[in-house]
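For reference, the chains in residue letters:
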Amino acid sequence: MTRNRSLLPPIRRRTVLAGAALALLTSVAPTALAQDISGELVIMQWQGGTDLEMWHEVEAAFIEMHPGVTVREFVPAGGQGDARGGMRTAIMGGEVVDIIINTWPAFRVELMTAGILRPIEEQWETFGWSEQLGDSWKELGSIDGVPYGVTYTYGDRSGIWYKTEHMEKAGIAEPPKTWDEFLASFEKLKAAGYGTPVAIPAKYWAHAEWFESLLLRTAGVDFAAQLARHEVPWTDPKVKEALMKFAEMLEAGCCGDVSVMLANDLDQSYAQIFRADEANYLLIGMWTNSTLKNDYGLTEGEDYSLFQFPALGMGFDDTSSVDTKELNATTNGANPAAADAFLDFIIGPEASDIMARYGYASPSSAMDQSLLGPAQQIATEAVANSKVQFVLGDLLPGDLVDEYRVQLQRFLQDPSEANIDTVLAAIEAKAAVSY
Amino acid sequence: MPETVATGEADVGGISSPKGGVRRRPLATRGWRLKDQPAAWLLIAPVLVLFGISVVYPLIDTIRLSFFDIRGLAPAKYVGIGNYLTLFADPGFRGTLVTTLTFTLGTTAISVSLGWVLAMLCAFTPRTTLPFRVMIFTTFGISEAVSGYMWINILRPDSAGLLNTVIGVFAPGFSHAWLGDPNTALWALIFVASWSGVGLPLMLCLAAVQSIPRSVLEAAYMDGARPAAIMRHIMMPLSMPGVRVAIFINLLGALRAFDIIYVMTGGGPVRATETVGYFMYRESMTQFKLGYGAAATVVLLVAVLVISIPAIIQRTAGAR
């Protein structure tokens with residue numbers, strides 16, 4: 001006992017000294033800290049495939065720049081493309097990370113409300129992120145005007161992918177620009193021997209992409225934002241009009257047997273178009289660029305390309321659906337200095353260029369635009385000239401988005417006007433109890 | 001010679017006293033010894049602790065969670081039996097009950113009856129059918145996720161789907177999206193789950209048949225019974241204990257089915273293959289409504305208990 005007591009004062013002195021040193025360090029400007037950062041940086045990382053390869057390259061470049069830092073990834077248990085369940089479980093289980101990779105604005109709000117996210121307003125000023133990211137990107141990662149996320153990549157979700165060989169064989173010299181041209185191209189493609197002009201992978205969620213772009217083109221971004229917040233009902237005639245346009249496409253013979261749509265997931269649709277040459281168009285996100293380049297070994301711009309959603313002529317053709325990925329810093333992370341440095345790094349030239357080489361666009365002005373491939377440049381230009389709205393499905397409450405996707409499957413089974421009313425009434429009924 | 005009292009203690013350590021009666025003394029002459037009952041509790045304590053941690057605590061916590069409204073990372077709100085009321089008013093959940101019942105009865109009926117018939121056939125020549133039985137039982141050992149991916153490729157709707165290709169040989173141009181049609185998706189799953197599960201009933205029924213005394217079969221032969229009659233009047237009735245165990249195990253497995261549904265259909269199309277197990281996962285893990293998901297879990301637990309308690313009572317009674 002006595003020995004223990006005699007040991008206590010030196011420990012306390014050391015603790016006091018360490019505390020004093022830490023206090024001194026924290027009083028130094030964050031920029032100075034960023035230069036001398038060290039220790040372990042923990043990132044909650046849930047990506048796979050080529051996204052993960054790209055991410056590892058980004059991490060390696062960061063470590064090269066900051067040799068004192070080691071990066072540890074925490075990978076939550078996943079589930080059919082939505083990692084939020086695993087992320088929530090990990091957080092509730094007490095997992096402590098410095099940075100969270102996030103692609104769901106609603107999840108950012110949930111994390112912030114639970115006190116997990118650290119506001120990064122001060123860092124935005126200190127690191128001068130406004131030089132790389134415009135105000136609209138800052139606003140996109142903010143909640144009530146306070147920034148919580150640094151957006152590091154974005155994707156066009158209103159781009160339609162196709163295989164160039166198919167268009168040539170069908171005698172389609174240029175991708176369709178208008179809705180009528182688009183519908184008319186189905187017959188040409190069928191005449192060329194392709195049974196299914198549009199592949200719709202409706203097994204889980206991808207069938208909603210068509211509705212979301214059609215909603216933007218028939219009702220505009222403001223209406224879509226109101227619908228996402230349930231300030232307008234799902235039974236609104238504007239929503240019905242978007243589904244009627246979708247029905248027009250189905251009735252024009254776009255998509256073949258509905259059972260095949262409901263059986264196929266995204267991977268099967270890629271194979272349908274880019275390997276089996278059975279289908280032609282696919283409306284899906286920009287990760288497709290990386291999949292086709294890296295997994296299918298196709299050449300961007302030569303073997304495949306994309307065109308922006310055709311114009312409907314209803315006054316909202318300057319709209320596009322987009323998704324983003326952002327980094328959120330946590331309040332309880334053990335290494336906030338390294339986290340801030342990583343946030344700064346991710347929108348810098350090194351990270352942006354790595355992403356560009358993998359086929360991902362960064363919103364950072366530090367990115368060398370010439371590194372983007374031809375398809376990515378088409379999408380980037382389209383988004384730059386558009387009023388954008390985040391993917392609707394990622395803005396809806398969890399139980400509503402589930403019902404929304406199932407009801408859109410019911411719509412595919414029967415695209416009649418009567419069933420459209422039934423489908424929208426069912427979504428509205430769920431929305432009434434979901435907010 | 002005084003009469004000794006046959007007590008538990010006398011059995012283990014009592015010796016006759018010259019004054020009559022029993023002088024009790026522990027077997028070990030040094031140190032201390034526990035009485036039987038505390039010793040028994042001490043010995044089973046590790047198992048009890050493990051059982052408490054891995055079974056009792058999660059069970060109680062699941063029941064506790066089912067009385068709360070928990071959405072994402074938001075604080076939990078006590079709602080009493082609110083989740084249960086919502087659950088039974090939810091047409092989606094009622095639909096999963098019907099799907100679960102169809103799936104459970106379908107897979108149990110197919111796999112057990114097929115396993116039983118195969119066991120009867122194998123019983124006539126057990127040695128020559130050994131490789132065949134090993135092959136069938138192997139399917140039971142394959143992970144459901146792996147067999148699910150394998151069957152997705154067999155059932156795929158395009159020209160690469162094996163089943164469509166085989167049917168196409170007899171009916172040119174035939175094509176069907178087995179997993180995309182709500183009318184066939186559940187039956188496709190039942191077929192795959194039955195394929196995966198037929199090995200266990202086969203082994204259990206065969207074991208029951210092989211335990212039939214040889215003398216009974218020999219007597220039947222001596223009396224001139226033909227193989228069909230022996231199967232019908234001896235092997236089938238006497239293999240019933242194996243069939244009962246197979247039914248019990250299959251029912252419990254099918255009720256809790258999740259892996260194969262997750263991999264093959266994700267509960268679709270339009271929720272046509274969503275069982276209570278998958279509903280529970282969807283509510284708890286994708287929507288993160290932990291309280292609501294826990295309520296569904298408790299309902300499933302009750303269903304499992306309803307099936308297993310009579311079976312356990314019956315088995316225990318048989319053991320006596």
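Residues numbered from 1 in each chain as written. Chains lettered and ligands numbered in written order. Predicted model: local features only at pLDDT ≥ 70, side-chain atom pairs only at ≥ 80, totals over all residues. Heavy atoms only, no water.

Right, let's talk about the overall build of chain B for a bit. Across its full length, chain B carries 15 helices and four strands. Here chain B, with 320 residues, has 40% of them falling under the buried criterion. Intrachain contacts of chain B at a sequence separation of at least 6 include 62% that bridge at least 24 residues. Put simply, chain B shows about 18100 Å² of open surface, and 70% of that area lies on carbon and sulfur atoms. (Helix = DSSP H or I, 4+ residues; strand = E, 2+ residues; numbered from the N terminus. Buried < 20%, exposed > 50% of the residue type's maximum accessible area, 1.4 Å probe, protein only. Contact = heavy atoms within 4.5 Å. Areas by Shrake-Rupley, 256 points an atom, 1.4 Å probe, with all protein chains shown as cover.)

Before going further, it helps to examine the interface of chain B and chain A. The interface is formed by 29 residues belonging to chain B together with 30 residues belonging to chain A. For the pairing of chain B and chain A, the buried interface totals around 2400 Å² over both sides, and the portion due to carbon and sulfur atoms is 54%. For chain B, the biggest contributors to the area lost against chain A are Leu73, Val270 and Arg271 of chain B; these three give 28% of the whole. For the pair chain B and chain A, the number of links is five salt bridges. (Buried area = accessible area lost by both parts, 1.4 Å probe. Salt bridge = Lys/Arg side-chain N within 4 Å of Asp/Glu carboxyl O.)

Here we come to the packing of aromatic side chains. All names here are of chain A. Taken as a whole and assessed by the stated rule, the structure comprises 40 aromatic pairs over all chains. On the numbers, 5.5 Å between centres and 45° between planes, the contact of Trp55 with Tyr152 is tilted. Taken together, the residues Trp55 in helix α3 (residues 49-65) and Tyr152 in strand β6 (residues 149-156) connect sequence positions 97 residues apart. Note on Trp161 and Tyr304: the rings are 6.0 Å apart at their centroids and 45° apart in plane angle, and the pair reads as tilted. Of this pair, Trp161 sits in strand β7 (residues 159-163) while Tyr304 sits in strand β10 (residues 304-308), placing them 143 residues apart in sequence. One aromatic cluster is present, formed by Tyr162, Trp179, Phe182, Phe186, Trp210, Tyr281, Phe307 and Phe309 through successive ring pairs. (Phe/Tyr/Trp six-rings, centres within 6.5 Å; stacked < 30°, edge-to-face > 60°.)

Our next topic: the domain arrangement of chain A. All names here are of chain A. If you check the domain split of chain A, you get domain 1 (37-156 + 323-377) and domain 2 (159-322 + 389-434). Each of domain 1 and domain 2 has a C-alpha centre, and the two are 28 Å apart. Tallying the contact residues gives 18 residues for domain 1 and 24 residues for domain 2. It is Asp156, Asp323 and Ala375 in domain 1 that bury the most area against domain 2; as a group they hold 36% of the surface buried on that side. The interface formed by domain 1 and domain 2 includes zero salt bridges. Remark: the boundary between domain 1 and domain 2 carries five residue pairs in polar contact (both at pLDDT 80 or more). Only α5 (105-113), β6, β11 (319-329) and α17 (374-384) provide two or more residues apiece to the side of domain 1 that touches domain 2. With three residues, the single largest contributor to the side of domain 1 that touches domain 2 is α17. (Domains from an automatic or database assignment. Polar contact = N/O pair within 3.5 Å; in protein donor to acceptor, adjacent residues only side chain to side chain.)

The next thing to look at is the UniProt feature "transmembrane region" (unreviewed entry) in chain B. According to UniProt, the "transmembrane region" (unreviewed entry) feature falls on residues 39-60, 103-126, 132-152, 185-209, 242-264 and 290-313 of chain B. Along residues 39-60 of chain B, the helical share is 100% and the strand share 0%, with 28 Å between the first and last C-alpha atoms. (UniProt positions renumbered as here; feature names shortened; annotations may be inferred.)

The next point concerns the environment of Met355 of chain A. All names here are of chain A. Following the sequence through the fold, Met355 ends up in helix α16 (residues 349-357). Using a relative accessible area of 0% as the deciding quantity, one classes Met355 as buried. Note: C-alpha distance between Met355 and Tyr435 (80 residues apart in sequence) is 36 Å. Not counting residues up to four positions away in its chain, the partners in contact with Met355 are Met54, Tyr152, Thr153, Ile346, Tyr360 and Ser362.

Residue and element names in this part refer to chain A. Counting buried positions over the five residues of strand β9 (residues 279-283) gives five, a clear majority of the element. Strand direction decides the pairing type here: β7 and β9, joined by two bridges, are antiparallel. Counted as the bridge partner of Trp161 is Leu282 from β9. For strand β8 (residues 196-198) and β9, the ladder comprises two bridges, and the chain directions are parallel. The residue of β9 that forms the bridge with Val198 is Tyr281. (Pairing = 2+ DSSP bridges.)

Relative to the assigned elements, Glu403 of chain A resides in helix α18 (residues 398-413). Among the polar contacts made by the side chain of Glu403 of chain A, one reaches the side chain of Arg271 of chain B at a distance of 3.1 Å. If we ignore the near neighbours within four places in the chain, the residues touching Glu403 of chain A are Ala426 and Lys430 of chain A together with Arg271 of chain B.

Once that is clear, we can look at the state of the cysteines. Residue and element names in this part refer to chain B. If you walk through the whole model with that rule in mind, you get one disulfide over all chains. Free cysteine Cys122: the closest other cysteine sulfur is in Cys205, separated by 11 Å. Note on Cys122: relative accessible area 2%, which makes it buried. By relative accessible area, Cys205 is classed as buried at 0%. (Disulfide = S-S within 2.5 Å.)

Residue and element names in this part refer to chain B. Following the sequence through the fold, Glu274 ends up in the loop between α13 (259-264) and α14 (276-286). A polar side-chain atom of Glu274 sits 2.8 Å from a polar atom in the side chain of Arg282. If near-sequence neighbours (up to four positions away) are discounted, Glu274 is found in contact with Thr96, Thr99, Gly267, Phe279 and Arg282.

Within this structure's numbering, the places UniProt gives as "domain: ABC transmembrane type-1" (unreviewed entry) are residues 97-311 of chain B. Across residues 97-311 of chain B, the secondary structure splits into 77% helix and 0% strand, with the terminal C-alpha atoms separated by 22 Å.

A word on the sheet that holds β9 of chain A. Sheet strands pair by backbone hydrogen bonding; their relative direction is either parallel or antiparallel. Residue and element names in this part refer to chain A. One open sheet holds the four strands; their spatial order is β8-β9-β7-β10, and the pairing between them is mixed. Each edge of the open sheet is held by one strand with a lone partner, namely β8 and β10. The average angle at which neighbouring strand axes cross in this sheet is 25°, direction not considered. Across the face of the sheet, helix α13 (residues 266-274) comes into contact with β7, β9 and β10 while running at roughly 140° to β9. (Axes fitted to C-alpha atoms, helices over the stretch in contact; angles between N-to-C directions.)

Moving on, we get to the pairing of strand β3 (residues 99-102) of chain A. Residues and elements named next belong to chain A. The alternating pattern of β3 places Ile99 and Ile101 on one face and Ile100 and Asn102 on the opposite face, and all of these are buried. Bridge analysis of strand β1 (residues 39-44) against β3 gives two bridges, and the strand direction is parallel. Its bridge partner lying in β3, Met44 is registered against Ile100. Sheet analysis places β3 next to β11, joined by four bridges and oriented antiparallel. Across the sheet, residue Asn102 finds its bridge partner in β11, namely Glu326.

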